[in-house]
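Remarks on the overall topology
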Amino acid sequence: MWKGATFAHMYRINVSDICLFVNPNGYMGISSTLELGYAIAKEKLIYALRDDSELARQSTFFKVINSEYPEEIVDYFLNLRGEK
């Protein structure tokens, strides 16, 4: 198992204001779940692309964007910042 990716993601969580979890079809694996827990501990706002069937994870999402199209995702965050 390569630990470098997990530590790199934790660093990015530390320096971020929000976290966007890419969870196609609502799937979130073990590593992403670990990173989600870390983001919760760091009190980050958590966004996800899709709803999660696991209630424990779903309840931690600040907002579910319900899109997997990059343009829509970028537009969503630009609108939040008042830039669009």
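See the structure shown above.
Let us look at the structure shown here. In this text, all values refer to a predicted model and were calculated from it rather than measured experimentally.

Each value, and the rule that gives it
- Residue numbering note: each chain is counted from 1, following its sequence as written.
- In keeping with the predicted nature of the model, local features appear solely for residues at pLDDT of at least 70, side-chain atom pairs appear and are counted solely at 80 or more, and the whole-chain, interface and lining totals rest on all residues.
- The side-chain numbers reported here are obtained from all heavy atoms of the structure, hydrogens and water having been left aside.
- Put simply, DSSP marks the helices as runs of H or I at least four residues long and the strands as runs of E at least two long, and each gets a number from the N terminus on.
- Just to be clear, the radius of gyration here is over C-alpha atoms, and the globule rule we use is 2.2 Å times residues to the power 0.38.
- Each residue is placed in one exposure class: buried if its accessible area under a 1.4 Å probe, protein chains only, is under 20% of its type's maximum, exposed if it is over 50%, and partly exposed if it falls in between.
- Under the convention used here, Asp and Glu are negative, Lys and Arg are positive, and both His and the chain ends fall outside the count.
- Whenever a carboxyl oxygen of Asp or Glu lies within 4 Å of a side-chain nitrogen of Lys or Arg, that contact is scored as a salt bridge.
- Contacts are assigned to residue pairs that have any heavy atoms within 4.5 Å of one another.

Assigned secondary structure in the chain consists of four helices and three strands. When the elements of the chain are put in sequence order from the N terminus, they spell out α-β-α-β-α-β-α. In terms of overall dimensions, the chain is globule-like: its C-alpha atoms have a radius of gyration of 13 Å, near the 12 Å expected for 84 residues. Principal-axis analysis of the C-alpha atoms gives the chain an extent of 40 × 30 × 20 Å. Burial statistics for the chain: of 84 residues in total, 30% are counted as buried.

The subject of this paragraph is the side chain of Glu-35. Inspection of the secondary structure puts Glu-35 in helix H2 (residues 30-41). There is no salt bridge for the buried Glu-35, and the closest opposite charge comes from Arg-12, which lies 8.1 Å off by N-O distance. Beyond its immediate stretch of four places on either side in the chain, Glu-35 contacts Thr-6, His-9, Ile-13 and Phe-21.

Turning to its location among the elements, Ile-18 is positioned in strand S1 (residues 18-21). Of the residues examined, Ile-18 reaches a relative accessible area of 32% and is grouped as partly exposed. Taking the C-alpha atoms as reference, Ile-18 lies 19 Å from Tyr-69; in sequence the two are 51 residues apart. Residue contacts for Ile-18: discarding those within four places in its chain leaves Leu-45, Tyr-47 and Phe-77.

This next bit is on the environment of Lys-3. Here Lys-3 is to be found in the segment before helix H1 (4-14). Among the residues examined, Lys-3 registers a relative accessible area of 54% and is labelled exposed. C-alpha separation for the pair Lys-3 and Asn-14, spaced 11 residues apart in sequence, amounts to 17 Å.

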